[in-house]
Amino acid sequence: MNVQFPEGNGIFETLKTVNGEPFALGRHIARAKRSARILEIPFPTEYEIRSSVADLLRSEGEIPEVGRLRMTFSNSGEFELIHENLHPWSIPARLVLLDRPVDEM
């Protein structure tokens, strides 16, 4: 399975949806808002985020039973939402820890 992760500066939140209902949306928004404050990134209101999430989920033809909602908040103040079917991993994930920071810029 090839998984695409967002790249660049910003805040990234991923949450589970069940039958088109986001799980713990308020907690994810609160965590992203705290991060935005720390990183001094402009952040939309909770109402704007919730409205956009509702519009996205309502606009979908076929709602996946279990989905993944990705929220990306860029340092320009814009945000993007992507909702897709959640495919469980078929192999275990591997975690690699480095003893030095990695800066890809």
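Residues numbered from 1 in each chain as written. Predicted model: local features only at pLDDT ≥ 70, side-chain atom pairs only at ≥ 80, totals over all residues. Heavy atoms only, no water.

Engineer: Describe the pairing of strand 3 (residues 66-74), listing the residues and the values that go with them.
Structural biologist: Burial within strand 3 is extensive, with 8 of its 9 residues counted as buried. Sheet topology places strand 1 (residues 10-18) next to strand 3; 9 bridges connect them, and they run antiparallel. Each residue of the ladder has a partner; that of I11, found in strand 3, is F73. Examined bridge by bridge, strand 3 and strand 4 (residues 79-85) share 7 bridges and lie antiparallel to one another. Its bridge partner being in strand 4, G67 is matched across the sheet by N85. Count of turn residues in the strand 3/strand 4 antiparallel hairpin: 4 residues, of which G77 carries a positive phi of about 100°. (Buried < 20%, exposed > 50% of the residue type's maximum accessible area, 1.4 Å probe, protein only. Helix = DSSP H or I, 4+ residues; strand = E, 2+ residues; numbered from the N terminus. Pairing = 2+ DSSP bridges.)

Engineer: Mind laying out the packing of aromatic side chains, listing which residues take part and the relevant values?
Structural biologist: The description of an aromatic ring pair uses the distance of the two centres, along with the angle that the planes make with each other. For the structure shown, the criterion picks out 2 aromatic pairs. Judged by centre distance (4.7 Å) and plane angle (40°), the ring pair of F43 and F73 falls under tilted. Residue F43 is located in the loop between helix 1 (25-39) and helix 2 (46-59), and its partner F73 is located in strand 3; the two are separated by 30 residues in the primary sequence. Judged by its relative accessible area of 22%, F43 falls in the partly exposed class. By relative accessible area, F73 is classed as buried at 1%. Three or more aromatic residues link up through ring pairs in this structure, and these residues are F43, F73 and F79. (Phe/Tyr/Trp six-rings, centres within 6.5 Å; stacked < 30°, edge-to-face > 60°.)

Engineer: Talk me through the nonpolar core; I want residue IDs and the actual numbers.
Structural biologist: Core analysis: the biggest nonpolar cluster contains 14 residues, and I11, L25, I49, V53, L69, M71 and F73 have the highest contact counts within it. Of all the secondary structure elements, the ones that give two or more residues to this core are strand 1, helix 1, helix 2 and strand 3. Sorting elements by how many residues they give to this core places helix 1 first, with 4 residues. Beyond its immediate chain neighbours, meaning those up to four positions away, I49 contacts I29, F43, P44, M71, F73 and F79. (Core = buried A, V, L, I, M, F, W, Y, C linked by side-chain atoms within 4.5 Å. Contact = heavy atoms within 4.5 Å.)

Engineer: Report on the packing of helix 1 against helix 2, specifying residues and quantitative values.
Structural biologist: Where helix 1 meets helix 2, the closest approach of the two axes is 11 Å, and the angle between their N-to-C directions is 135°. Our classification of the angle between helix 1 and helix 2 gives oblique. The chirality of how helix 1 crosses helix 2 is right-handed. For the pair helix 1 and helix 2, contact is made by L25, G26 and I29 and by E46, I49, R50 and V53, respectively. (Axes fitted to C-alpha atoms, helices over the stretch in contact; angles between N-to-C directions. Parallel < 35°, antiparallel > 145°, perpendicular 65-115°, else oblique. Left-handed = near helix turned anticlockwise from the far one by under 90°.)

Engineer: An account of helix 2 is needed here, citing residue identities and associated values.
Structural biologist: The terminal C-alpha atoms of helix 2 lie 20 Å apart, and with 14 residues this matches the ideal 20 Å at 1.5 Å per residue to within 8%. Those residues of helix 2 that sit buried are I49, V53 and L57. Burial along helix 2 is one-sided: seen end-on, the buried residues are contained in an arc of 60°. Pointing more than 90 degrees away from the buried face of helix 2 are the exposed residues Y47, R58 and S59. For helix 2, the elements touching its buried residues are strand 2 (21-22), helix 1, strand 3 and strand 4. (Expected span 1.5 Å × (residues − 1). Arc of directions from axis to C-beta.)

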